[in-house]
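Single-letter residue listing:
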Amino acid sequence: MQRATASRCASSMPCCWRRCRPDRRHVASALPWRHAISCAPRDAIFRSHANVMAQCDESGAAALEDVTLGSTSHQQAAPPIPPLHWRRAWTHPVIRPVILAAALASAIVVGFSSWFVAHGRQTEIGQAEVASSNVARMVGVQVEAAMQLAGMALADIAERVAQDGDDAAAQARLTAHLGELAGTFPDLHGLFVYRADGAWFATSLGRHMKGNNADREYFQYHQAHRGTAVHFGKPVKSRSTGLWVMPLSRGIYSGDGRFLGVAVVTLRINFFERIYDELNIGDQGTVLLMLSDGTVVYRRPFDEKLIGTDLSRGNIYNELRTRSVGSAFLVAKVDGLVRLYSFRRLEQVPILVAVGRTKDDILGNWRRSSTLIGAAALLICAIFAAFAAKLIRQLLIREELDRQLRVRAGELEQHNIGLHALAHTDQLTQLANRRRFDELLAQELRRAERGGTTVSLLLMDLDFFKQFNDQYGHVAGDDCLRRTASVLAAEIVRSGDLAARYGGEEFAVIMPNTGPAGAIAVAERIRLSLAALRIPHQHSATGVVTASFGVATAGPARTGAYAPADLIEQADRQLYAAKNNGRNKVSAAGHLRVAH
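Attention here is on the structure that accompanies the text. (Residues numbered from 1 in each chain as written. Predicted model: local features only at pLDDT ≥ 70, side-chain atom pairs only at ≥ 80, totals over all residues. Heavy atoms only, no water.)

## A word on the pairing of strand β10 (residues 338–345)
- Of all eight residues in β10, six are buried, a share of seventy percent or more.
- Here strand β9 (residues 325–331) pairs with β10 via seven bridges, running antiparallel. Across the sheet, residue Val325 finds its bridge partner in β10, namely Arg344.
- Summarising the sheet, β10 and strand β11 (residues 351–358) pair through seven bridges and their orientation is antiparallel. Looking across to β11, one finds that Phe343 is bridged to Ala354.
- The turn joining β10 and β11, which pair antiparallel and follow one another in sequence, is formed by five residues. (Buried < 20%, exposed > 50% of the residue type's maximum accessible area, 1.4 Å probe, protein only. Helix = DSSP H or I, 4+ residues; strand = E, 2+ residues; numbered from the N terminus. Pairing = 2+ DSSP bridges.)

Have a look at this one:
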């Protein structure tokens, strides 16, 4: 009844599954059926017999039930696994540490990421502060250098006027000298000398100028303040050229202290613009020059409307009231943007310098990297949480499965007979399968070792079977395999011998208590019987399906060891020898040793 049932099951098996061909040199011991059941998914564990029954037709299923259970009343569906109870999971001795470990790992990732992001922000700000401070120092050095040159020119002019007087010859000499100085210092806009009444006396512009500058702030300053100190005036528009200039002036006095006039050097405001526009401080960065009273001399980006405005109430000026050098994030009074300003009060001249970069420009790269770090941290935490949840669920499921398995152990034991039969039968050929072959070969070799007898192994491979399948189709190939198996079943009739499907188009025969001569004789009978079937094969030299055979025999020996894999390897070599010698042949090896 089992053979009939298995035969009917074979008809429903897919062709590709039936011809699954393992590596013939790989000898693997089959797992016990009970261990296979315990390793299967939970639905397969509780419905394993029902799954086997589903592969058979109705008559085969009824026959198998008669053999294994005797009645269908024993088939009961496994109860579903109950929903997870997380409160119970929290008190579980294994699950609780898993939760704590996942939470701790996530906390470490979040903490490290937060520290890294915060440290990166401070690093970016620190680097920007150093860079801005260096730019401010450079700007200050340039401004001081330009002012010192202007001061030297003023000292020279004042000394000449005081010594030469103000006659026509002295005026001509002074005008020529002013032109020479203007050529020596190209950054200067012009050099001028005004009489005590404010009238023009000499200029470096190369032409006679009319007008009076007694109304200028710097002229009135020197009238009221006697001394040789250089006065830094507020930016004005030049009456001679119409350009914005910054006047630096010095009073001219006679030996007895009488006021003779004023010497003036003017610096173009666009001189600063030409230098500072090349600084790389961002699109919205700024450079600011102010007099000590907060009057704007120059600001980048340049805006003519801002020249001369008063920023003494701005944040930068308020910071410089308390310290001469520093850096801070401040809101600009002009445009309202938050910038990191590095500012300093110059020591040699009454000029305040500030260089600022916007917060967005400084922290742009940091924000992008922080976003990536934060996303990576969240992803890692999500992975930890998903892994912990999956592990917890698997632990709870395993506990429930263990409980149900103990309940079902008795019922599963009853299914052993039917499953064992199916597990050791090849569904296409109804011969023993590879698992049964491996088990019996190891068993017979051990028995031969104990009894001092021989065991012969026959490996058989259909010649050009791939070409047969390609030529006649898989259905014909399956029929050819079944007819070949019928030949084996007819020829292998001795009790204890076993014919098995080894894999694909390969078959094997185990023959205990059989020497090489007997094994060769059996192989020849099978070869002739197969050829007698006259199964057409266009790619065969004989025009019909044939097979090649490899025979190996293991016998007793006093020393050494011989494992199943060794016997299979010897038979396989002989099989290849038969194929290499023209196929449709039997090749045999001599005696080999049985393991001791």
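## Digging into the packing of helix α7 (residues 95–164) against helix α12 (residues 359–414)
- Interhelical geometry of α7 versus α12 gives an angle of 175° and a closest axis separation of 10 Å. It follows from the interaxial angle that α7 and α12 lie roughly antiparallel.
- Its residues assigned to classes, the contact of α7 with α12 comprises 24 nonpolar, four polar and three charged. (Axes fitted to C-alpha atoms, helices over the stretch in contact; angles between N-to-C directions. Parallel < 35°, antiparallel > 145°, perpendicular 65-115°, else oblique. Nonpolar A, V, L, I, M, F, W, Y, C, P; charged D, E, K, R; others polar.)

## What to know about the sheet that holds β11
- The five strands are arranged β8-β7-β11-β10-β9 in an open sheet whose pairing can be described as antiparallel. The open sheet is flanked by β8 (296–300) and β9, the only strands paired with a single partner. Each adjacent strand pair in this sheet contributes to an overall mean axis angle of 20°, direction not counted.
- Contacts from α7 reach β7 (286–291), β9, β10 and β11 within the one sheet, and its direction differs from that of β10 by about 40°. (Contact = heavy atoms within 4.5 Å.)

## As for unusual backbone geometry
- Positive phi, normally seen in glycine, also occurs at Gln430, with a value near 65°.
- Mapping Gln430 onto the fold places it in the loop between α13 (416–423) and α14 (434–451).
- The backbone phi angle of Asn584 is positive, close to 55°, even though this residue is not glycine.
- Checked against the element boundaries, Asn584 lands in the loop between α18 (564–580) and β16 (586–593).

Treat this as a map of the structure, not an account of what it does.
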